[in-house]
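# Close look at the chain arrangement
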Amino acid sequence: MLLDQKGEERWSARDLQQLMGYERWERFEDVIQRAQQTITASELDPLDHFRGAARTMPGGRWGKQSVTDYRLTRFGAYHVALAGDGRKPEVAAAKTYFAVRTREAEAAQQSVTDVSSPEGILALAERYVEAARELVTTKKELAIAAPKAGRWDAFCNSDGLIDMGCAAKAFTKVTGGLGRTKFMELLRREDIHFLQVQNPRLPYENHIKAGRAEVKLVQASYQWVEQTFFTPKGLDWLVGKLGGEALPAT
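Predicted model, so just to flag it, every value in this text is computed and none were measured.

## Focus: a nonpolar patch on the surface
Where nonpolar side chains cluster on the molecular surface, the patch consists of Met-1, Leu-3 and Tyr-97 and spans about 320 Å² of accessible area. Mapped onto the secondary structure, Tyr-97 falls in helix α4 (residues 89–109). Accessibility expressed as a relative area gives 34% for Tyr-97, which makes it partly exposed.

## Regarding the pattern of salt bridges
Scanning the model with the defined rule gives seven salt bridges in all. Residue Lys-182 is joined to Glu-185 by a salt bridge in which the shortest nitrogen-to-oxygen separation is 3.9 Å. Here Lys-182 and its partner Glu-185 are both found in helix α8 (residues 180–186), three residues apart, which amounts to about one turn of the helix.

## Examining the layout of surface pockets
It is the rolling of a water-molecule-sized probe over the atoms that shows where space remains empty. Counted as a void, the largest pocket has a volume near 1200 Å³. Along its surface, the largest pocket is lined by 36 residues, and Arg-27, Asp-85, Arg-87, Asp-159 and Gly-160 are the ones closest to its centre. Secondary-structure elements contributing two or more residues to the lining of the largest pocket are α2 (25–41), β5 (213–220) and α10 (232–242). Ranked by residue count, the leading element in the lining of the largest pocket is α2, at four residues.

Thresholds, definitions, all that
Residues numbered from 1 in each chain as written. Predicted model: local features only at pLDDT ≥ 70, side-chain atom pairs only at ≥ 80, totals over all residues. Heavy atoms only, no water. Patch = residues over 30% accessible without salt bridge, like charges linked within 9 Å, V, L, I, M, F, W, Y side chains within 5 Å. Areas by Shrake-Rupley, 256 points an atom, 1.4 Å probe, with all protein chains shown as cover. Salt bridge = Lys/Arg side-chain N within 4 Å of Asp/Glu carboxyl O. Helix = DSSP H or I, 4+ residues; strand = E, 2+ residues; numbered from the N terminus. Buried < 20%, exposed > 50% of the residue type's maximum accessible area, 1.4 Å probe, protein only. 1 Å grid on protein atoms, 1.4 Å probe; cavity = no way out; pocket = protein on both sides within 12 Å on 5 of 7 lines; lining within 4 Å. Points joined across faces, edges and corners; volume = space filled by probe spheres on them.

Here is the structure:
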């Protein structure tokens, strides 16, 4: 946390990128955009909480280069943390940090309690107890909301996604060891209904909206093609469709 020329709290997006465990700025900008969309959906102006800025960093031809940055309010930084990848322990820590700091700021803005009487001391103690309970509840909610890490990590790429070949390997115990092509045929069955029949490489739109799949452009030979990836949530969904307890192969 930094203080601007007015003494107000600000956070650098570039600093948060490192603290939240994101190696690539491009990936972290996606998180920032999701946070801005959430604020916009709340009928607030994201420009009040995300100010464009430039920052000088090591690199470039002359040893220094100017890069894009954002100056964030606490509210903006909190929403960036909420939009981050909950599988990252750094993101979970950031969510907890901003939940605690936001509650502390709210408590500080409340009127000062007169502690010159027993009634005032009791009121202050009750306020502290209430704040502590809210913080405990917030931490529990964040823990429940965070995706369960670890189950599919061995099959994820650097973006946290699973291609069809790796997904087929993950389900070896259930399918008996289908290869990529046969596995994709299985995903077109009517009882699975994951990959489209008319566009056999792509998932149905409802799976993308539900966060079970993502479609990325990948380079194949001399051209770029669309490729479907499972998310960990998508593999959890497929476990239920195939029945039983489909654990990753060891």
